Amino acid sequence: MKCTILHEGKGRMRVHVEKVRMTLHRADVLEAYLNHHDAIVHAAVYERTGDVVITYTGKRTAAIAILAGYKFDVAEYDALVTSADSRRLNREYQDKMFDLVAGRCLRKLFLPAPLDAAYTAFRSIRFLWKGVRCVLSRRLEVEVLDALSIGVSLLRGDFGTAGSVMFLLNLGSLLEEWTRKKSLDDLARSMALNVDKVWVRSQGTEVLVPLTKVRSGDEVVVRSGNMIPLDGTVLEGEAMVNQAALTGESMPVRKTEGSTLYAGTVVEEGECVFIAKAEGGSNRYDKIVAMIEESEKLKSDTEAQASHLADRLVPYSLGATALTWLITRNPTKALAILMVDFSCALKLSMPIAVLSAMRESSAHHISVKGGRFLEAVSKADTVVFDKTGTLTYATPKVAQVIPFGGHREADMLRLAACLEEHYPHSMANAVVEEAKRQGLTHEEYHSQVQYVVAHGISSMVEDKKVIIGSAHFVFEDEGCCIPEGEQEKYDALPAAYSHLYLCIDGELAAVICIHDPLHREAKDAVKALHESGFTNVVMMTGDNRRTAESVAAEVGVDAVYAEVLPEDKAAFIRQEKAKGHTVIMVGDGVNDSPALSEADAGIAISTGAAIAREIADITVASEDLFALVTLRRLGEALMERIHGSYRFIVGFNLTLIALGVAGVLPPATSALLHNGSTLGISLGSMTMLFCYMVLMCIAHWGQWAVCLFTVVLFAMCVWRHRSNIQRLLSGTENRIGQKAK
């Protein structure tokens, strides 16, 4: 790519692309390509000017080389871009906005009054029909108020007010739709940028490749606990697939040769090979958007109550309008009430606040599936931790391999790595990494691998049954034994480590000692959780009691449960919920899935099993446990924002109604202020929650400042127009007296 450097500073550069017409698609692909490089911190492409601004780390020459090495219209780069086009979305709504505003200005300047009145009457048909349709379906919603305000203005011959109201309604609707779609698109993009890797079968072997490299027709292998990355057709094998995320089915579906698989579903049992139907990365955005749209149905209780209140207030607005007209006989004052309703701001600002909170959570490497779960986190008093990969690092290390039965240490580590590499668990990853570090290659020489949830792995090697897993699995379930004469060696196993037991043909062949160090911040994070309001921090693990109690004492949890099974974790959470507690569960493995599903909010670690991430309501990065504290604060800030928006909306709109009835504000001005406040609240809902939290901490009374300002403004208006109000009241009293006579 040829480009000219316009100006640059330390770590930042602005260039202009030469001799290429910058289309929307080209700009998207170039931006995705640049942001895909580790050396580029951030890149922004401006398609109208053909300029590119990059912020980079390292040497300047490396950044220039990345720019120079790019080529336009290369099909391979298209996979880096999600299917939605944010630029196209912005351009579409910018054009709509220009057409709407320019059209109104031109009509006001050049269209004769009779033609303008006819045009206004014609445009009103759509609004009037919406109101009539609501009445016919026995629903009193905001469309009824809009239709009445426009209809009354037309009947009074006030075409200017009717046209202004329709213009403001169209403008508000356009901005609201743009705001919501932009929030949805930003959130979906932030969630879709994660690059997953999948096993692809090629020339008789399995190769781990990035999802973006998968092509239509490739043979993809998925096993227990794996998420299916693309739509496809089963070529061989058999699996039970959880499709609840797409179809709502509560039970797993059996998939055999010829069955259709859907991206985003999870293999619960078995394994299969399927033929990919789409390119790597395609349709992922659409499925994420569908998930987010579905998550908007998972409203928090507070959000749902505000939405229901908006609908319940419509009859009161109609009643107040009728009452005002009966008392004052002034249609202008009655019309001022119709211009103001509560439902627009309440119904728009609440979902946008949730979408904004979800997007901000994503910026902190936290993926949230709905406002209900943020509310649950904000008011939870009990948090349950799994130990391995959660309180401890997601990448534990192999400390020692102790062979039994005359086997060689290197051979046993190679065999263990060959079995463990197929399953995404932290201890399995440790075995694979240690084998790689020692240069031990482990070709696929075993038969089909079977994963036993919360226990271990079983397979056949050279006609001998090989299993690896927990002591309970190998000694109690499988009946394996310790080689004769090596009991003393077994008893001397170091208690400071977690143990993986490898058995061949019913006899212990090796014990792999796993050093599972605590997160550096684990103790401080648990302390911070206590300070943020959690009264009960619990650790539950399938590990041995000595190791579990040692970890619990070090991190400072309130209770510890060791050697538990998955169903025990789920049962504990059910018991706590029955006692009235709000419980969140934090885990990373397949064995944590039942507990994650049972909790009020299940939180999975991003490096854990795919099925845990799928079932969980929230996913956090494993690098920093303080993400849980951040999540708590985001949840609390979201709830405070929803409550604050609710108070402002009710207070401000009541003030507009009062000023309209008093004759201070004409109907068109009321409509303008109402729509302006709706957009203002919506834009306010999109601001960062952390900024909102800081402001709330600095001035806790600030939530009442707007209400106080509104009251003062109202008092000033009343004082300024006191003479008009006195005449209004005296006239009202005279009419009431005449009716009494």
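Residues numbered from 1 in each chain as written. Predicted model: local features only at pLDDT ≥ 70, side-chain atom pairs only at ≥ 80, totals over all residues. Heavy atoms only, no water.

> Help me understand the pairing of strand E16 (residues 456–461) in this model?
Regular strands have side chains that alternate between both faces of the sheet. Most of E16 is tucked away: five of the six residues are buried. Two strands pair when backbone bridges link them, and E16 and strand E17 (residues 464–469) are joined in this way by six bridges, in the antiparallel orientation. Pairing of Ile-457 across the sheet is with Ile-468, part of E17. Count of turn residues in the E16/E17 antiparallel hairpin: two residues, of which Glu-462 carries a positive phi of about 50°. (Buried < 20%, exposed > 50% of the residue type's maximum accessible area, 1.4 Å probe, protein only. Helix = DSSP H or I, 4+ residues; strand = E, 2+ residues; numbered from the N terminus. Pairing = 2+ DSSP bridges.)

> Help me out: how do you make sense of the packing of aromatic side chains in this one?
Where two aromatic rings form a pair, the distance of their centres and the angle of their planes describe that pair. According to the stated counting rule, one finds seven aromatic pairs in the structure shown. Between the aromatic rings of Phe-475 and Tyr-490, the centroid separation amounts to 5.7 Å while the plane-to-plane angle is 85°, which identifies the pairing as edge-to-face. Within this pair, whereas Phe-475 is found in helix H17 (residues 471–477), its partner Tyr-490 is found in helix H18 (residues 487–491), the two being separated by 15 residues in sequence. When the centroid spacing of 6.2 Å and the interplanar angle of 45° are considered together, the rings of Tyr-490 and Tyr-501 count as tilted. (Phe/Tyr/Trp six-rings, centres within 6.5 Å; stacked < 30°, edge-to-face > 60°.)

> How should the pattern of salt bridges be read in this particular structure?
Oppositely charged side chains can pair when the atoms bearing their charge come close. For the structure shown, the criterion picks out 20 salt bridges. With a shortest N-O distance of 3.4 Å, Arg-632 and Glu-636 are connected by a salt bridge. Here Arg-632 and its partner Glu-636 are both found in helix H24 (residues 626–661), four residues apart, which amounts to about one turn of the helix. A residue is classified by how much of its surface remains accessible, and Arg-632, at 4% relative accessible area, is buried. Within this structure, Arg-201, Glu-219 and Glu-236 form a network of salt bridges that share partners. (Salt bridge = Lys/Arg side-chain N within 4 Å of Asp/Glu carboxyl O.)

> Can you walk me through the packing of helix H13 (residues 371–379) against H24 in this structure?
Describing two packed helices takes the angle between their axes plus the distance from one axis to the other. One way to put it is that H13 packs onto H24 with a least axis distance of 8 Å and a crossing angle of 110°. What the angle tells us is that H13 and H24 run roughly perpendicular. Of the residues in H24, those in contact with Leu-374, Glu-375, Val-377, Ser-378 and Lys-379 of H13 are Leu-631, Arg-632, Gly-635, Glu-636, Leu-638 and Met-639. By residue class, the composition of the contact of H13 with H24 is five nonpolar, two polar and four charged. (Axes fitted to C-alpha atoms, helices over the stretch in contact; angles between N-to-C directions. Parallel < 35°, antiparallel > 145°, perpendicular 65-115°, else oblique. Contact = heavy atoms within 4.5 Å. Nonpolar A, V, L, I, M, F, W, Y, C, P; charged D, E, K, R; others polar.)

> Please explain the sheet that holds strand E12 (residues 366–368) as it appears in this structure.
Adjacent strands of a sheet pair through backbone hydrogen bonds, lying either parallel or antiparallel. With respect to topology, seven strands assemble into an open sheet ordered E12-E24-E23-E22-E13-E20-E21, the strand pairing being mixed. Edge positions in the sheet fall to E12 and strand E21 (559–561), since each has one partner strand and no second. Pairwise comparison of adjacent strand axes, ignoring direction, gives a mean angle of 20° for this sheet. Note that strand E20 (residues 536–540) and E21 share three bridges and pair parallel. Within E21, the position partnered with Met-540 by the bridge is Tyr-561. Of the strands in this sheet, E12, strand E13 (382–386), strand E22 (583–587), strand E23 (601–605) and strand E24 (618–620) are in contact with H24, which crosses E12 at around 45°.

> How do you make sense of the side chain of Glu-521 when you look at a structure like this?
As for its position among the elements, Glu-521 is in the loop between strand E19 (507–515) and helix H19 (522–531). Here Glu-521 is buried and forms no salt bridge, its nearest opposite-charge partner Arg-520 lying at an N-O distance of 5.3 Å. Reaching out from Glu-521, the side chain makes a polar contact with the backbone nitrogen of Leu-625 at a distance of 2.8 Å. (Lys, Arg positive; Asp, Glu negative; His and termini not counted. Polar contact = N/O pair within 3.5 Å; in protein donor to acceptor, adjacent residues only side chain to side chain.)

> Looking at this model, I keep getting lost on the environment of Asp-73. Mind explaining?
Structurally, the position occupied by Asp-73 is in the loop between helix H2 (60–68) and helix H3 (75–78). Distance in space between the C-alpha atoms of Asp-73 and His-25 is 9.4 Å, their sequence separation being 48 residues. Within the structure, Asp-73 has its side chain in polar contact with the side chain of Arg-26 (distance 2.7 Å).

> Help me understand the confidence of the model for the protein, please; the structure alone is not making it clear to me.
Close inspection of predicted coordinates is inappropriate for parts of the model with low pLDDT. Taken residue by residue, the protein gives an average pLDDT of 76. The fraction at 70 or more is 74%. Here residues 280–285 is a poorly scored stretch, pLDDT under 50, and it has 21 contacts once near neighbours within four places are set aside; other chains count. Predicted confidence is poor over residues 727–741, with pLDDT under 50, and the contacts of this stretch with residues over four places away or in other chains come to eight contacts. (pLDDT = per-residue confidence, 0-100.)

> Explain H13 to me, please; I cannot follow it from the model alone.
Across the nine residues that make up H13, a large majority, seven, are buried. Here H13 has its buried residues at Gly-371, Phe-373, Leu-374, Glu-375, Ala-376, Val-377 and Ser-378.

> Mind showing me how you'd approach helix H5 (residues 113–136) here?
The α-helix advances 3.6 residues per turn, and as a result positions three or four apart in sequence lie on the same side. Taking 1.5 Å as the rise per residue, H5 with 24 residues should run 34 Å; its terminal C-alpha atoms sit 34 Å apart, in good agreement. The largest bend in H5 amounts to roughly 30° and is located at Ile-125. Among the residues of H5, Asp-116, Ala-117, Thr-120, Arg-123, Ser-124, Phe-127, Gly-131 and Cys-134 are the ones counted as buried. Once H5 ends, the next one or two residues include Arg-138, with phi positive near 60°. (Expected span 1.5 Å × (residues − 1). Bend = angle between axes of the 7 residues up to and from the residue.)

> I tried to follow a nonpolar patch on the surface on my own but got confused; where do I start?
There is a patch of nonpolar side chains on the surface, built from Leu-323, Trp-325, Leu-326 and Ile-327 and spanning about 370 Å² of accessible area. Inspection of the secondary structure assignment puts Leu-323 in helix H10 (residues 301–328). (Patch = residues over 30% accessible without salt bridge, like charges linked within 9 Å, V, L, I, M, F, W, Y side chains within 5 Å. Areas by Shrake-Rupley, 256 points an atom, 1.4 Å probe, with all protein chains shown as cover.)

> How should I be thinking about the sheet that holds strand E3 (residues 40–46) in this particular structure?
Judged by pairing direction, the sheet is antiparallel, and its four strands sit side by side in the order E1-E2-E4-E3 without closing on themselves. Each of the sheet's edge strands pairs with one partner strand only, and the pair in question is strand E1 (3–9) and E3. Across this sheet, the average inter-strand angle for adjacent strands is 20°, counted without regard to direction. Relative to strand E4 (residues 51–56), strand E2 (residues 12–17) runs antiparallel, the two being bridged by five bridges. Bridged to Val-15 within E4 is Val-52. Helix H1 (residues 24–35) rests against E3 and E4 of the sheet, and its axis sits at about 170° to E3.

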